[in-house]
There are 2 protein chains.
Amino acid sequence: MAITITDSFWQRYTDLIRNEMIPYQWDVLHDNLDIFIDKERDDPGIPSEKSHAIDNLKIAAGQKEGSHYGWLFQDSDVYKWLESAANSYALKQDDKLLDMMDEVVALIEDAQEDDGYLSTYYQIEAPELRFRRLFESHELYCAGHLIEAAVAHYKATGSERLIKVSEKFVECIKNHFGPEEGKINGADGHQEIEWALIKLYEVTGKEEYVDLSKWFLEIRGQDPDFYSKQLLENKEKGIDDRSIPHINLKYHQAHQPIHEQEEAVGHAVRLVYMAAAMAEVAAIHKDDKMFQSAKRLWDNIIKKRFYITGGIGSTVHGEAFTFDYDLPNDSMYCETCASIGLLFFARAMLKNEVDVEYAEVMERTLYNTIISGMALDGKHFFYTNPLEVNPEASQKDPGKSHVKPTRPSWFGCACCPPNLARTLTSLNKYVTSVDEEAIYVHLLMDFEGEIESNNQTVSLTQTVDLSDRGKVELSVKGVTEPVKIYIRLPEWGDMFYFENNSSVKDGYAEFIINEDKTLSIEFEMPVLMWQAHPLVRQNKGKVALQRGPYVYCLVEEDNGPHLHLLTLTEKPVAEEMSDSVLGDFFALKGKAKKIKSDDSWKNVLYQQAEKEPFEEVSLTFIPYHLWANRSVGEMMVWIDKGEE
Amino acid sequence: MAITITDSFWQRYTDLIRNEMIPYQWDVLHDNLDIFIDKERDDPGIPSEKSHAIDNLKIAAGQKEGSHYGWLFQDSDVYKWLESAANSYALKQDDKLLDMMDEVVALIEDAQEDDGYLSTYYQIEAPELRFRRLFESHELYCAGHLIEAAVAHYKATGSERLIKVSEKFVECIKNHFGPEEGKINGADGHQEIEWALIKLYEVTGKEEYVDLSKWFLEIRGQDPDFYSKQLLENKEKGIDDRSIPHINLKYHQAHQPIHEQEEAVGHAVRLVYMAAAMAEVAAIHKDDKMFQSAKRLWDNIIKKRFYITGGIGSTVHGEAFTFDYDLPNDSMYCETCASIGLLFFARAMLKNEVDVEYAEVMERTLYNTIISGMALDGKHFFYTNPLEVNPEASQKDPGKSHVKPTRPSWFGCACCPPNLARTLTSLNKYVTSVDEEAIYVHLLMDFEGEIESNNQTVSLTQTVDLSDRGKVELSVKGVTEPVKIYIRLPEWGDMFYFENNSSVKDGYAEFIINEDKTLSIEFEMPVLMWQAHPLVRQNKGKVALQRGPYVYCLVEEDNGPHLHLLTLTEKPVAEEMSDSVLGDFFALKGKAKKIKSDDSWKNVLYQQAEKEPFEEVSLTFIPYHLWANRSVGEMMVWIDKGEE
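As annotated in an unreviewed UniProt entry, chain A carries the name Glycoside hydrolase family 127 protein and comes from Alkalibacterium iburiense.

**Q** For this particular structure, what's the right way to read the sheet that holds strand β8 (residues 483-488) of chain A?
**A** In a beta sheet, neighbouring strands are held together by backbone hydrogen bonds and run either parallel or antiparallel to one another. All names here are of chain A. The strand order across the open sheet formed by five strands is β3-β4-β8-β11-β10, and the pairing between neighbours is mixed. Both outer strands of the open sheet, β3 (432-434) and β10 (503-505), are each paired with one neighbouring strand and no more. In this sheet, adjacent strand axes meet at a mean angle of 25 degrees when their direction is disregarded. Its contacts with the sheet put helix α15 (residues 356-372) on β8 and β11 (508-513), and the angle it makes with β8 is roughly 50 degrees.

**Q** Any chance you could explain the packing of aromatic side chains here in plain terms?
**A** The geometry of an aromatic ring pair is captured by two quantities: the separation of the ring centres and the angle between the planes. All names here are of chain A. Per the stated rule, a full pass over the model turns up 60 aromatic pairs over all chains. Between Phe9 and Trp10, the ring centres sit 5.0 Å apart and the planes meet at 80 degrees, which makes this aromatic pair edge-to-face. Judged by relative accessible area, Phe9 falls into the partly exposed class, the value being 23%. A relative accessible area of 3% means that Trp10 is categorised as buried.

**Q** Sorry if this is basic, but what is going on with the relation of the copies chain B and chain A here?
**A** Both copies of the chain are related through a single rotation about an axis accompanied by a shift along the same axis. Between chain B and chain A, which share one sequence, the superposing operator has a rotation angle of 180 degrees and an axial displacement of 0.0 Å; the RMSD is 0.0 Å. Here the copies are linked by what is in effect a two-fold axis. Across chain B, the rotation axis passes nearest the C-alpha of Gly399 of chain B, at a separation of 3.8 Å.

**Q** How should the pattern of salt bridges be read in this particular structure?
**A** Side chains that carry opposite charge are capable of pairing whenever their charged atoms lie near each other. A full pass over the atoms with the stated rule returns 93 salt bridges over all chains. For the salt bridge of Lys351 of chain A with Glu202 of chain A, the shortest nitrogen-to-oxygen distance reads 3.4 Å. With Lys351 of chain A in the loop between α14 (336-350) and α15 and Glu202 of chain A in helix α9 (residues 193-204), this pair connects stretches of sequence that are 149 residues apart. Lys351 of chain A sits in the partly exposed class, given a relative accessible area of 37%. With a closest N to O distance of 4.0 Å, Lys214 of chain B and Asp287 of chain B form a salt bridge. Placement of Lys214 of chain B in helix α10 (residues 207-219) and of Asp287 of chain B in the loop between α12 (268-285) and α13 (288-304) is noted, with a sequence separation of 73 residues between them. Overall, Asp287 of chain B belongs to the buried group, its relative accessible area being 16%. Shared partners join several salt bridges into a network, and the residues in it are Arg469, Lys471, Glu473, Glu522 and Glu524 of chain A.

**Q** For this particular structure, what's the right way to read helix α8 (residues 161-176) of chain A?
**A** Side chains of residues three or four places apart in an α-helix project in the same direction, reflecting 3.6 residues per turn. Residues and elements named next belong to chain A. With 16 residues, α8 extends 23 Å between its outermost C-alpha atoms, agreeing within 8% with the 22 Å of an ideal straight helix rising 1.5 Å per residue. Three or more residues of α8 are buried, namely Leu162, Ile163, Val165, Ser166, Glu167, Phe169, Val170, Cys172 and Ile173. Where α8 is buried, its residues touch α3 (75-91), α4 (95-111), α7 (139-157), α9 and α10 (207-219). Backbone geometry just after α8 places Gly178 at a positive phi near 150 degrees.

**Q** How do you make sense of the side chain of Lys400 of chain A when you look at a structure like this?
**A** All names here are of chain A. Mapped onto the elements of the fold, Lys400 is located in the loop between α16 (391-396) and α17 (416-424). Using a relative accessible area of 12% as the deciding quantity, one classes Lys400 as buried. Not counting chain neighbours up to four residues away, the residues in contact with Lys400 comprise Asp330, Ser331, Ala393 and Ser394.

**Q** It is not clear to me how the domain arrangement of chain A should be interpreted in this structure. Could you clarify?
**A** In many reports, interface size means the accessible area that the parts give up when they come together. Domain annotation for chain A reports domain 1 (47-221), domain 2 (435-524) and domain 3 (528-641). A straight line from the C-alpha centre of domain 1 of chain A to that of domain 2 of chain A covers 39 Å.

**Q** Would you take a moment to explain the state of the cysteines for this structure?
**A** Two cysteines whose sulfur atoms are joined by a covalent bond form what is called a disulfide. Under the definition given, this model contains zero disulfides over all chains. In this structure Cys172 of chain A is not part of a disulfide, and its nearest cysteine sulfur, from Cys142 of chain A, lies 14 Å away. Given the relative accessible area of 1%, Cys172 of chain A is considered buried. Between Cys553 of chain B, a cysteine without a disulfide, and Cys334 of chain B, which holds the nearest cysteine sulfur, the sulfur-to-sulfur distance is 14 Å.

**Q** Looking at this structure, how should I read the interface of chain B and chain A?
**A** Tallying the contact residues gives 58 residues for chain B and 58 residues for chain A. Considering only the side of chain B, the residues that lose the most area to chain A are Gln531, Arg537 and Tyr606 of chain B, jointly responsible for 17% of the buried surface there. At the junction of chain B and chain A, the tally comes to six salt bridges. Two residues, Glu634 of chain A and Arg537 of chain B, come together in a salt bridge whose shortest N-O distance is 3.4 Å. Viewed at the interface, chain A and chain B are joined by 26 residue pairs in polar contact (both at pLDDT 80 or more). When residues in the side of chain B that touches chain A are grouped by element, the largest group, five residues, is from strand β13 (residues 528-532) of chain B. When the residues that make up the side of chain B that touches chain A are grouped by side-chain class, the tally is 26 nonpolar, 14 polar and 18 charged. As judged from the three bridges shared by strand β13 (residues 528-532) of chain A and strand β19 (residues 606-608) of chain B, these two strands associate in the antiparallel manner. Each residue of the ladder has a partner; that of Gln531 of chain A, found in β19 of chain B, is Gln607 of chain B.

**Q** When you look at α7 of chain A in this model, what are you seeing that I'm missing?
**A** A rise of 1.5 Å per residue sets the reference length of α7 of chain A, with its 19 residues, at 27 Å; its end C-alpha atoms lie 26 Å apart and thus fit the reference within 8%. With 16 of its 19 residues buried, α7 of chain A lies for the most part within the structure.

**Q** Before we go on, may I ask you to explain the packing of helix α3 (residues 75-91) of chain B against helix α17 (residues 416-424) of chain B in this structure?
**A** Any two packed helices are characterised by the angle at which their axes cross and by the distance between the axes. Residue and element names in this part refer to chain B. The contact between α3 and α17 brings their axes to 8 Å, and the two run at 25 degrees. By the criterion of interaxial angle, the relationship of α3 to α17 is roughly parallel. Judged by the sense of rotation from one axis to the other, the crossing of α3 with α17 is left-handed. Contacts between α3 and α17 involve Lys80, Trp81, Glu83, Ser84 and Asn87 from the first element and Pro418, Asn419, Ala421 and Arg422 from the second. A per-class count over the contact of α3 with α17 returns three nonpolar, three polar and three charged.

**Q** How do you make sense of the sheet that holds strand β6 (residues 456-466) of chain A when you look at a structure like this?
**A** All names here are of chain A. Spatial strand order, β1-β5-β6-β7-β12-β9: six strands in an open sheet with antiparallel pairing. What marks the edges here is a single partner per strand, and that holds for β1 (2-5) and β9 (494-498). Sheet twist, expressed as the average angle between the axes of neighbouring strands with direction ignored, equals 20 degrees. Pairing geometry for strand β5 (residues 447-453) and β6, over seven bridges, is antiparallel. Each residue of the ladder has a partner; that of Glu452, found in β6, is Thr457.

**Q** Could you clarify how one ought to interpret the side chain of Ser76 of chain B in this entry?
**A** Within the element layout of this structure, Ser76 of chain B appears in helix α3. The contacts of Ser76 of chain B, once residues within four sequence positions are left out, are Tyr141, Cys142 and His145 of chain B.

**Q** Explain the packing of helix α8 (residues 161-176) of chain B against α10 of chain B here, please?
**A** Residue and element names in this part refer to chain B. Here α8 crosses α10 at 45 degrees, and the two axes come no closer than 12 Å. Relative to α10, the element α8 lies oblique. Judged by the sense of rotation from one axis to the other, the crossing of α8 with α10 is left-handed. Within the contact between the two elements, α8 uses Glu167, Val170, Ile173 and Lys174 and α10 uses Glu208, Tyr209, Leu212 and Phe216. When its residues are assigned to classes, the contact of α8 with α10 shows five nonpolar, no polar and three charged.

The rules behind these values
- Residues numbered from 1 in each chain as written.
- Chains lettered and ligands numbered in written order.
- Predicted model: local features only at pLDDT ≥ 70, side-chain atom pairs only at ≥ 80, totals over all residues.
- Heavy atoms only, no water.
- Pairing = 2+ DSSP bridges.
- Helix = DSSP H or I, 4+ residues; strand = E, 2+ residues; numbered from the N terminus.
- Axes fitted to C-alpha atoms, helices over the stretch in contact; angles between N-to-C directions.
- Contact = heavy atoms within 4.5 Å.
- Phe/Tyr/Trp six-rings, centres within 6.5 Å; stacked < 30°, edge-to-face > 60°.
- Buried < 20%, exposed > 50% of the residue type's maximum accessible area, 1.4 Å probe, protein only.
- Least-squares fit on C-alpha atoms with pLDDT ≥ 70 in both.
- Salt bridge = Lys/Arg side-chain N within 4 Å of Asp/Glu carboxyl O.
- Expected span 1.5 Å × (residues − 1).
- Domains from an automatic or database assignment.
- Disulfide = S-S within 2.5 Å.
- Buried area = accessible area lost by both parts, 1.4 Å probe.
- Polar contact = N/O pair within 3.5 Å; in protein donor to acceptor, adjacent residues only side chain to side chain.
- Nonpolar A, V, L, I, M, F, W, Y, C, P; charged D, E, K, R; others polar.
- Parallel < 35°, antiparallel > 145°, perpendicular 65-115°, else oblique.
- Left-handed = near helix turned anticlockwise from the far one by under 90°.

Right under this line is the structure:
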């Protein structure tokens, strides 16, 4: 499968990543920038004055004197940059980028210990505590990101240098972890190695990596006291005199074995990274128990803990899931990275079964929360992706200080921007899939490429038009044997029209062809008005609008302040717009009642209830991912809907 | 003015305090109880295993060996107990209680230093830092509570022993604080001394105490760096090597001088304690500038930052105010102590001008948030008084872990229960006031007493019936000269009927009498439906119900789960009820639509908007202060109101 995205909408993002993000992140990692300090940040405890990530590696390599600086997982910033750079290089070769990557690869090689170990904090500051504070150490998390970078680098350049580093590190891990007497019988506090080992398996074919992944998945939560026992042992050995903290096991999904976990709890990124690995292992091993365990988590998220924008994580406290139907719009977390993990999870589930729900979730999260994570200038990033923002609340309510009304330039914890970069430069992984039976097209974007199916290699070229009407054309060439092709019929389309010897199966149009052919699907793209399950108390009486894959929102700059005073009175209609900042897009135009907040109220806070005077106003909704690119103001996805 | 509350509603509370709270708190302070640990509490950093407050005093007095334990302000628990005990003793003399008080008084005398200083933490642990970490030390805060206890003890028993301790402590304070060269030019991080000094002035007549109060009020915020300069100086002198924290000046209302403060910001209790003292100083000095500064804070609170239940403080973060019209119902703080402070503030404002709004606020906060603070068993207490509770959210959303669905038995920081006790045992201060012109009756409860007005002492006996109709009868005896009496016409009454040679003035019925007479007012008590200002985004389309002084709420035990699914369809009516736990009270009975949440929804989280099926249901509202006395469940004050 070799797919290239040719869609101008998405090329704009990969261009931004190549031209803006990768050079910018390079400078950040090398501490070349003064602008690194984010003055908007609130928590003075988080390091943010500099990255020091390259320097950490240099110190570990003995190239430089000094101390470690930054998070325990600071190394992963370098690996994520490298993965993005490699993905970007695969899209467009560039000697300068190759040189930059070579520099980093050599540094990583140099920093690795002879026994394969690599984690600059523990190398520099606490070698005696290697693998001994797993609840927080992120050693295997960083190993995972190293492996993912290695795989991307190998695929982009053909160089096996980092694959060797990775395999040597995995050997070291295998020497320390496992069921055997004397080895560590537990997993990292942040899932990631489980997923990365699958990627390493995919390029090496070594099944031992899948086995190790499975072992890490299944050892988790077997002994809920594992993390604290490690700390106690350190204390007894006299190698760590810090007090033993209370460890919230649910945060780490280590409160019970994965096959017993019925609900998606704890840190959302950790959960979806884990679940994605579970789905991968299930697909490779055809392990139904593992698949069912992954599916339980999937269902709990998608049916009860999932935002209409594709976000997950209802609270900033632990960046975590809370409980069923708890989906606050203005205080949630909805971390960009969590939606990226959900994309991984959905794609991995598709390897187990083709169900249109996985594709729908991939699309929803990709076109809304994930790309909301980056400003149109490619230099500002959301960590948190709210569905409702009042800038005054962000400023004056400490409980909402994480809900930013503008994308900050960088973060002390720099996880989201490079995660975005590596994901948007590898979208080709998500568009199609293939199994023994058929080729599946899941995402409606322009692409071209070749897919091997049924002992033949067919060339595919898809062009998609989502303006007035929806139109998907898929040209299939090189057909010598009958081939079955499924193209997703998006749930936001209506009145589908395609040639009548094809049929609809589980949300996909099924085509069986014997010769080269251009398949075509046309459909209407109505404005959708979603309502949430009644137990989502935050959305009672409200609707969220969607057209095509885009969820829409109201922003203050188009609709004035106090968006909560609005009640939608009729279904809006789409209208093409062009904006100097936002570019060309379809807006939704509608009518609403707006309660008057000024003249009609005496200078009191409460009065005897009466019908509140209102005015008729016109509304403009813009695609959610475009908000916060022009000025600072309110934003709102869910709007009150008047009774008809 | 010597007023005794004879109202059975309130006597029930003073009986609970005498029979349950005071002996219980005595045991707590003496560490006689095993049940002190509150297992429901979340913050393991807060000391709660024991009180140690009496032991701290014994150690400071040299009666015992040991270290200080608890908060820097642990002493104030003892003083607040003593104040409650004294107030209770004044209501009903009791030798055992007198003995208990004597024991504590003797201990306090013994613990005081020769120079008048008294603060057990600094005496035991850090004498070199006395008055040198004022941002957090609470030394003057504790001094204030000592003074308030002394005044109450003196009034109840006639003993001047604690007044002497207090005056000696104030002398010590005057030796250390003031504008003179070499003295400390700043105020305590927690306002309280300012208010207490007024109480000390009231019993001693010494104007220097009012002057000192005014000085503390006006030095606040003059030098925003005052607190950090103290810490820097300690560091330079080598007497304190702790790192210098970031001090949030707004939290302490120390960000600017009080006369420049336009908004109520920061920790709500601190703000209202300060404002109450400002109003007292303004009244004594007839200081219009001070009055206007207090009035600005009052107006900002009451017109923009005030809950319908009389609560204040919109966020748990810093237990603080946030911004205008930000009144979340399910994540707010609304601390019992803050409403008590607001009661003080309102009463003090009445000394400056008689405006019915002050009386209305006193009543609203007293009959709703303040008494909500205590369970009907007298042994369980709310710190936070929410307007909407979902127990699952309290349990699973860490951002709402402070919003308890049941009253815990005690708190690591034991401020609210004793504050409640001292307040409810001194309600006689709030019922009436008198000035050169007239006698004013502000609160509609049964009382009797004597008031000096216009050179004569008149006896008053008020009886109030707030069942089917409202009826207030005030018998006035001992009239020899014409006397003017104002009785408040409550804003929740209607169709007032009283003798027609009297008139209405600014919300009060004005009576001028020349002879003994029983004044009478009758009125209707309709069910009120309040709506909030449109800019209170949390209450759009909602109403809150009130009858008499009581705000009402829905609870799950009467109305089933998922209260948010309800929409009120008609105005409820009052109905007398009797409950084995709640006693006799008036409920409100109404009709609502309840959206169906089960059958009609497929197993999805979102669907295309359609009219949601509902059922007609009957609702029972109970007075807010009665909630959470029967079982654990949802509660809600503001309910959606259908359009008529």
